[in-house]
Amino acid sequence: MKAIHKILPAFTVCLLLGSIVSGCGNKKKKAELSNLPQEVKPVAVAIVSDSPAAFASVVNYPLQRPYPLKDIKDSVAMVAYYPTLIDDTLKKTIEEAPDSTWQEQGWRGWTLYDGSYIWIDNGKIYAVNYISSREANMLDSLRKEEISSLDPALRDGWTPVVCMIDTIDGAIFRIDTKNDTADYGTTGEYRLAGYSMNIDLSGTPTIVLYGALDLEGSMGNRFYHFSDSVGTRADYSPDIIDDNDSVPAIELERNGKIKKFKANPGYWLDHVKKNEKKRVSNGSAIVE
């Protein structure tokens, strides 16, 4: 965010006075922030000081952004992304927040107000639930572009949730929802579409199942369950990883056979662009 300066006709004198007043205001605000808990203070100071570098140094990476925005992978990417993520509304909220509105929430760490802004643990941000106006516009544009790339029969009323690529045979999966809420609660309808490697992503998927999302446990772990009328089913949790793996899995049962896919997160539009360059008609079957 850039500070807003009013340039008056008196030129040098007024510009100098404005700098002095602005400097005093910043010093006063920093003094007030010194009373914040130590885990919160570096984050608040970085935002109020409007310092991309300081902010980037108090983030745990990668920092997730709502799909299909891309996650921020490191501090270099964060410095570049900072003006998109931190807008005037968030900065003003941090500046004006009373100390008492910073709350420690057990194992979840520290948060501001109701948790809809940021979450901090061990002095570093691990989640930003706030969506800036610029991000909101980007989200709307990317969601429309992604849905419009699907087969026409799959478009109407759906919103993308996530895209996953199997690390073994390259099959691509996507989950969409008809739930209009930003956090995709448990009341919406969900759809899983699977595409065998190298088939046309703008055409008919290899498999389409419908289902729901359940949230389980105190951590609210997400469990997706999908099925169809002939007994095919699929289960997926992005929050649960087997002890012997580092990537969550999609378990698909079809025609009496069970197959697990390592569901590595990806970005659908990246694969659409690759797919357009090489229209290969034959792909490996999702369940052999």
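Residues numbered from 1 in each chain as written. Predicted model: local features only at pLDDT ≥ 70, side-chain atom pairs only at ≥ 80, totals over all residues. Heavy atoms only, no water.

(A) Focus on the packing of aromatic side chains. Per the stated rule, a full pass over the model turns up ten aromatic pairs. Considering the side-chain rings of F55 and Y82, the 5.6 Å spacing of their centres and the 65 degrees angle between planes classify their relative orientation as edge-to-face. Placement of the pair is F55 in helix α3 (residues 52-56) and Y82 in helix α4 (residues 75-85), with a sequence separation of 27 residues. Overall, the relative accessible area of 1% leaves Y82 in the buried class. Aromatic side chains Y113 and Y117 sit 6.2 Å apart centroid to centroid with 55 degrees between the ring planes, which places their arrangement in the tilted category. (Phe/Tyr/Trp six-rings, centres within 6.5 Å; stacked < 30°, edge-to-face > 60°. Helix = DSSP H or I, 4+ residues; strand = E, 2+ residues; numbered from the N terminus. Buried < 20%, exposed > 50% of the residue type's maximum accessible area, 1.4 Å probe, protein only.)

(B) Summary view of the environment of I207. Residue placement: I207 occurs in strand β8 (residues 207-216). Residue I207 is classed as buried on the basis of its relative accessible area, which comes to 7%. Here the alpha-carbon distance between I207 and T232, two residues 25 residues apart in the chain, equals 9.5 Å.

(C) Highlighting the sheet that holds β8. Pairing is antiparallel in the closed barrel, where eight strands are placed in the order β5-β6-β7-β8-β9-β10-β11-β12. The sheet shows a mean angle of 30 degrees between the axes of neighbouring strands, direction not considered. Packing against the sheet, helix α6 (residues 133-148) makes contact with β5 (159-166) and β6 (172-177), and its axis sits at approximately 65 degrees to β5. (Pairing = 2+ DSSP bridges. Axes fitted to C-alpha atoms, helices over the stretch in contact; angles between N-to-C directions. Contact = heavy atoms within 4.5 Å.)

(D) A look at the layout of surface pockets. Roughly 1900 Å³ of volume is contained in the largest pocket. Surrounding the largest pocket, 42 residues form its lining, Q64, A127, N129, R222 and D239 being those nearest its centre. Residue assignment for the lining of the largest pocket shows that the elements contributing at least two residues are β4 (124-128), β5, β8, β9 (221-227) and β12 (257-266). Looking at side-chain class alone, the lining of the largest pocket contains 27 nonpolar, eight polar and seven charged residues. (1 Å grid on protein atoms, 1.4 Å probe; cavity = no way out; pocket = protein on both sides within 12 Å on 5 of 7 lines; lining within 4 Å. Points joined across faces, edges and corners; volume = space filled by probe spheres on them. Nonpolar A, V, L, I, M, F, W, Y, C, P; charged D, E, K, R; others polar.)

(E) Fine view of the pairing of β6. Judged by how many residues are buried, β6 sits mostly within the fold: six of six residues are covered. A two-sided burial pattern is seen for β6, the buried positions comprising I172, R174 and D176 on one face and F173, I175 and T177 on the other. One ladder, built from six bridges, connects β5 with β6; its direction is antiparallel. When the bridges of β6 are listed, M164 appears paired with F173. Between the end of β5 and the start of β6, which pair antiparallel, lie five residues, with G170 showing a positive phi angle near 80 degrees. In the sheet, β6 pairs with strand β7 (residues 190-195) via six bridges, with the strands oriented antiparallel. Residue I175 lies in a different strand from β7, and its bridge partner there is L192.

(F) Focus on the nonpolar core. If you look at the biggest cluster of nonpolar residues, it comprises 33 residues, and the most contacted ones within it are F55, I94 and W102. At the level of secondary structure, the elements contributing two or more residues to this core comprise α2 (41-48), α3, α4, α5 (88-96), β2 (110-112), β3 (118-121) and β4. The dominant element in this core, judged by the number of residues it contributes, is α2, at five residues. The residues touching W102, leaving out its near neighbours within four places in the chain, are L36, V40, I94, A97, W110, T111, L112, I118 and I120. Core analysis: the next-biggest nonpolar cluster, separate from the first, contains 19 residues, Y190, I207, I250 and L252 among them. (Core = buried A, V, L, I, M, F, W, Y, C linked by side-chain atoms within 4.5 Å.)

(G) Looking closely at the environment of T232. Relative to the assigned elements, T232 resides in the loop between β9 and β10 (233-236). Residue T232 is classed as buried on the basis of its relative accessible area of 5%. For the pair formed by T232 and G256, sequence separation is 24 residues and the distance between their alpha carbons is 8.5 Å. Those residues in contact with T232 that lie beyond four places of it in its chain are I207, L209, F226, S227, L252, E253 and R254.

(H) Molecular detail of α4. Burial in α4 covers these residues: M78, Y81, Y82, T84 and L85. Taken down its axis, α4 places every buried residue within 160 degrees of arc, on the same side. Along α4, exposed side chains directed more than 90 degrees from the buried face belong to V76 and A80. Capping of α4 at its N-terminal end is provided by D74; its side-chain oxygen lies 3.2 Å from the backbone amide nitrogen of V76. (Arc of directions from axis to C-beta. Polar contact = N/O pair within 3.5 Å; in protein donor to acceptor, adjacent residues only side chain to side chain.)

(I) Molecular detail of the sheet that holds β3. Read from one edge of the open sheet, four strands run β1-β2-β3-β4, paired in antiparallel fashion. The two strands at the open ends of the sheet, each matched to only one other strand, are β1 (102-104) and β4. Across the sheet, the axes of successive neighbouring strands diverge by a mean angle of 30 degrees, strand direction being ignored. Sheet analysis places β2 next to β3, joined by two bridges and oriented antiparallel. When the sheet's bridge partners are listed, W110 is paired in β3 with I120.

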